[in-house]
Amino acid sequence: MNTRTPERSRALSQRSAEFMAFLANWQADLEPLSLESDWAAHGVAANNVAVFVVDMVNGFCHEGPLAGPRVQGLIAPVRAAVARCYALGVRHFLLPQDTHESDALEFAQFGPHCVVGQSESATIPELAGMPAAADFTVVAKNSLHPAYGTELEAWLAQRPEVRYFVIIGDCTDLCIYQTAMYLRLAANAAQRECQVVVPENCVQTYDLPVATAQTIGAMPHDGDVLHLIFLYSMALNGVRIVKAVE
Ligand SMILES: [Zn+2]
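Only a predicted model underlies this, so the values are computations on that prediction, with no experimental measurement involved.

Visitor: I'd like a description of the coordination of the zinc ion, backed by residues and values.
Guide: Between any two of four tetrahedral donors, the ideal angle at the metal is 109.5 degrees; between two of six octahedral donors, it is 90 or 180 degrees. Only Asp98 (OD), His100 (NE2), Glu106 (OE) and His113 (NE2) from the protein coordinate the zinc ion, and they sit 2.0 to 2.1 Å from it. Between the 4 donor atoms coordinating the zinc ion, the angles at the centre fall across 93 to 165 degrees, so the site counts as irregular. Binding-site remark: the zinc ion is held by donors from one chain whose sequence spacing is D-x1-H-x5-E-x6-H. With relative accessibility at 2%, the residue histidine 113 sits in the buried group.

Visitor: Which residues make up the packing of aromatic side chains, and what values go with them?
Guide: Under the counting rule described, the total for this entry stands at 9 aromatic pairs. An angle of 85 degrees between the planes, with centres 5.0 Å apart, marks the rings of tyrosine 177 and phenylalanine 230 as edge-to-face. Highlighted residues: tyrosine 177 in helix α9 (residues 172-189) and phenylalanine 230 in helix α11 (residues 223-236), separated in sequence by 53 residues. Tyrosine 177 gets classed as buried once you look at its relative accessible area, which sits at 17%. Here phenylalanine 230 falls in the partly exposed class, since its relative accessible area comes to 22%. Members of the aromatic cluster, connected to one another through ring pairs, are Phe19, Phe22, Trp26 and Tyr232. Directly above the ring of tyrosine 86 sits arginine 91, whose terminal nitrogen or CZ lies 3.8 Å from the centroid.

Visitor: If you had to explain the side chain of asparagine 48 to someone new, which residues and values would you point to?
Guide: Its location among the elements puts asparagine 48 in the loop between α2 (35-41) and β1 (49-54). A residue is classified by how much of its surface remains accessible, and asparagine 48, at 10% relative accessible area, is buried. Excluding its chain neighbours within four sequence positions, the residues that come into contact with asparagine 48 are Gly43, Glu161, Val162, Arg163 and Tyr164.

Calculation notes
Residues numbered from 1 in each chain as written. Predicted model: local features only at pLDDT ≥ 70, side-chain atom pairs only at ≥ 80, totals over all residues. Heavy atoms only, no water. Donors = N, O, S within 2.8 Å, 3.2 Å for Na, K, Ca; no water. Tetrahedral: all angles 85-135°; square planar, octahedral: opposite > 155°, others 65-115°. Buried < 20%, exposed > 50% of the residue type's maximum accessible area, 1.4 Å probe, protein only. Phe/Tyr/Trp six-rings, centres within 6.5 Å; stacked < 30°, edge-to-face > 60°. Helix = DSSP H or I, 4+ residues; strand = E, 2+ residues; numbered from the N terminus. Lys NZ or Arg CZ within 6 Å of the ring centre and 35° of its normal. Contact = heavy atoms within 4.5 Å.

If you want it as structure tokens, here you go:
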């Protein structure tokens, strides 16, 4: 059966209309989180907290084929969240960052980007110049995942007291999703209490409209829909999605 008929498309959008309206309301109703209150509620101090700043590199913010305005718009809120956490005493800042081999397999999907040794793979200067940067630990990765083939698991194993995670950066449906789900599911598997918090104002994804994608032979990517669907999927799995952290 031909699944591409207009009738099929209409059937899906009609069938999903109620759920999509629910999702839009869910997003609109997200509330900011006071870190101090939340830490008190969970018996957490600043040394129990790690902030993950994911892929805030030049190659997604400033230069190269994958840089774009939606992720560039994260720079100000991400800086504010880092500054706030630093002011509250957090000193664990982990930066999982694309640092690809020159022939990375991932380039089959996304094209060449953020190659090791090139400026695209460097932390953006807006973050690298902050006082908190003295406490940045870059986790170089060659895939969307923060722990496959990286130092992250060892870093976490050496610091069992770290059990409250704030995840910010890009992209919501790609590396943010992988990072938040990894931390949540690793804790679940080990029966280890932890909190994984994703402030919606500090994560984003890219947009590639259907018409543009078809012109260049790429897969379309609706930034608004995929941002929302993946936020919801994280929430469904126990990741705490909040409007912002204060
Ligand atoms: Zn990549």
